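Okay, here's what each chain looks like letter by letter:
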Amino acid sequence: MREIRAFEANTRLSALLDLVEAGEEVVITRGGKPVARLVSAAAPAIDREQARAAAARIIERSKGVTLGGLKIKDLINEGRP
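The structure contained in this document is the topic of the report that follows. The structure presented is a predicted model; accordingly, all values stated were derived computationally and were not measured.

## Some details on the pattern of salt bridges
On inspection of all chains with the given rule, the structure shows 6 salt bridges. A salt bridge links arginine 52 to glutamate 49; the nearest nitrogen and oxygen atoms lie 3.8 Å apart. Taken together, the residues arginine 52 and glutamate 49, both in helix H3 (residues 48-62) and 3 residues apart, mark about one turn of the helix. In this structure, arginine 52 and glutamate 49 share a single accessibility class: exposed. When salt bridges with common partners are traced through the structure, they connect Arg5, Glu8 and Arg12 into a single cluster.

In structure tokens:
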């Protein structure tokens with residue numbers, strides 16, 4: 001994935017379209033923050049209903065799973081330098 005500033009994207013649109021057509025994703029930023037994403041029109045669309053169903057299955061499977069007395073906050077703190 002490439003990042004490019006909005007001004008530069010404006011002046012290099014044709015080259016960016018070539019990159020996207022070749023399968024690359026381009027993120028356009030303004031003031032260092034992402035504002036747009038160029039992707040191939042041939043890229044598969046996200047099926048939101050399928051994503052929701054997958055999330056629901058994950059939540060259902062996690063019911064009753066415990067950390068054996070451990071606390072998430074303690075695990076997070078252990079991983080910090």
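## With respect to helix H2 (residues 13-21)
Where H2 is concerned, the buried positions are Leu16, Leu19 and Val20. Summarising the axial view, the buried residues of H2 lie within an arc of 95°, below the 170-degree limit, and thus occupy one face. Every exposed residue of H2 that faces more than 90 degrees away from the buried side is listed here: Ser14 and Glu21. Its buried side turned inward, H2 meets strand E1 (2-5), helix H1 (6-11), strand E2 (26-30) and strand E3 (33-38). Immediately downstream of H2, the backbone of glycine 23 shows phi near 105°, a positive value.

## Remarks on the nonpolar core
Ile4, Ala9, Leu16, Leu19, Val20, Val26 and Ile28 together form the largest nonpolar core, which totals 7 residues. Counting only elements with at least two residues in this core, the list comes to H2 and E2. Broken down by element, this core gets its largest block of residues, 3 residues, from H2. The residues contacting valine 26, other than those within four sequence positions of it, are Arg2, Ile4, Leu16, Val20, Ala36, Arg37 and Leu38.

How each quantity is defined
- Residues numbered from 1 in each chain as written.
- Predicted model: local features only at pLDDT ≥ 70, side-chain atom pairs only at ≥ 80, totals over all residues.
- Heavy atoms only, no water.
- Salt bridge = Lys/Arg side-chain N within 4 Å of Asp/Glu carboxyl O.
- Helix = DSSP H or I, 4+ residues; strand = E, 2+ residues; numbered from the N terminus.
- Buried < 20%, exposed > 50% of the residue type's maximum accessible area, 1.4 Å probe, protein only.
- Arc of directions from axis to C-beta.
- Contact = heavy atoms within 4.5 Å.
- Core = buried A, V, L, I, M, F, W, Y, C linked by side-chain atoms within 4.5 Å.

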